[in-house]
Structures are given as structure tokens and as C-alpha cells.
Amino acid sequence: MKTADVRAMSQDQMNDKLADLKKEQFNLRFQKATGQMEKTARVKQIRRDIARIKTIAAEKSAGQKA
């Protein structure tokens, strides 16, 4: 997920995407625990996407308050 894509999203879209990513992260943790995980790099990618969305959401909310 690109930063420009996230910046183009509304707050509701970001919240929905964040919820989806957290569900996927949860599922990947279970796959890892049971030894069924195939794409190990996906864990890192999900973690960074979550951080990216949270960072941009915080920037947008700080910009609205100022």
C-alpha cells in the first residue's frame, strides 16, 4: 500500500482498512503458530501498512485541530 493511496482515503475508509489489516494480522499469527504460514514477508508488510495508516490518520486529525 502506497502512502498516496492512504492519503486519498477518507477517515472512515482508513478505519475500515485498519480493521481489515488487523484481522489479517491476527490470522497470520495463528498460521505462524500452527506452522501453516507460507508468506512470512506478509507479516512485516501488514505491520508497516497498519503503522502507515495510523500515522497518516494522526496527521490528518492534528491538521484539523490546528
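This text follows the structure it describes.
So, a few notes on the structure that sits alongside this text. These numbers come from a predicted model, not from an experiment.

Considering the pattern of salt bridges
Two side chains with opposite charge may pair up if their charged atoms get near one another.
Next, step 1: The final tally for this structure, using the stated rule, is three salt bridges.
Next, step 2: Of the charged contacts in the structure, one is a salt bridge between Glu24 and Arg42, with a shortest N-O distance of 2.9 Å. Taken together, the residues span a long stretch of sequence, with Glu24 in helix α2 (residues 11-34) and Arg42 in helix α3 (residues 41-65) at a distance of 18 residues.
Next, step 3: Asp49 is paired through a salt bridge with Arg52; the nearest N and O atoms lie 2.7 Å apart. Here Asp49 and its partner Arg52 are both found in helix α3, three residues apart, which amounts to about one turn of the helix.
Next, step 4: Classification of Arg52 as partly exposed rests on a relative accessible area of 25%.

Considering α3
Next, step 1: Across its 25 residues, α3 extends 37 Å between first and last C-alpha, which sits within 8% of the 36 Å expected from 1.5 Å per residue.
Next, step 2: Where α3 is concerned, the buried positions are Ile46, Asp49, Ile50, Ile53, Ile56 and Ala57.
Next, step 3: The elements touched by buried residues of α3 are α1 (3-8) and α2.

A look at the environment of Arg42
Next, step 1: Accessibility expressed as a relative area gives 24% for Arg42, which makes it partly exposed.
Next, step 2: In the structure, Arg42 is positioned 18 residues away from Glu24 in sequence and 9.7 Å away in space, judged by C-alpha atoms.
Next, step 3: With residues up to four places along the chain from it excluded, the contact list for Arg42 reads Glu24 and Leu28.

Remarks on the packing of α2 against α3
Next, step 1: At their nearest, the axes of α2 and α3 sit 10 Å apart, and the two run at 155 degrees to each other. It follows from the interaxial angle that α2 and α3 lie roughly antiparallel. For the pair α2 and α3, the sense of crossing is left-handed. Along its contact with α2, which presents Gln11, Met14, Lys17, Leu18, Leu21, Lys22, Glu24, Gln25 and Leu28, the element α3 presents Arg42, Val43, Ile46, Arg47, Asp49, Ile50, Ile53, Lys54, Ile56, Ala57 and Lys60.
Next, step 2: Taken together, the residues of the contact of α2 with α3 break down into 10 nonpolar, two polar and eight charged.

Observations regarding α2
Next, step 1: The end-to-end C-alpha distance of α2, which contains 24 residues, comes to 35 Å, matching closely the 34 Å that a straight helix rising 1.5 Å per residue would cover.
Next, step 2: Of the residues making up α2, those classed as buried are Met14, Leu18, Leu21 and Leu28.
Next, step 3: Of the surrounding secondary structure, the elements contacted by the buried residues of α2 are α1 and α3.

So, how was this worked out
- Residues numbered from 1 in each chain as written.
- Predicted model: local features only at pLDDT ≥ 70, side-chain atom pairs only at ≥ 80, totals over all residues.
- Heavy atoms only, no water.
- Salt bridge = Lys/Arg side-chain N within 4 Å of Asp/Glu carboxyl O.
- Helix = DSSP H or I, 4+ residues; strand = E, 2+ residues; numbered from the N terminus.
- Buried < 20%, exposed > 50% of the residue type's maximum accessible area, 1.4 Å probe, protein only.
- Expected span 1.5 Å × (residues − 1).
- Contact = heavy atoms within 4.5 Å.
- Axes fitted to C-alpha atoms, helices over the stretch in contact; angles between N-to-C directions.
- Parallel < 35°, antiparallel > 145°, perpendicular 65-115°, else oblique.
- Left-handed = near helix turned anticlockwise from the far one by under 90°.
- Nonpolar A, V, L, I, M, F, W, Y, C, P; charged D, E, K, R; others polar.

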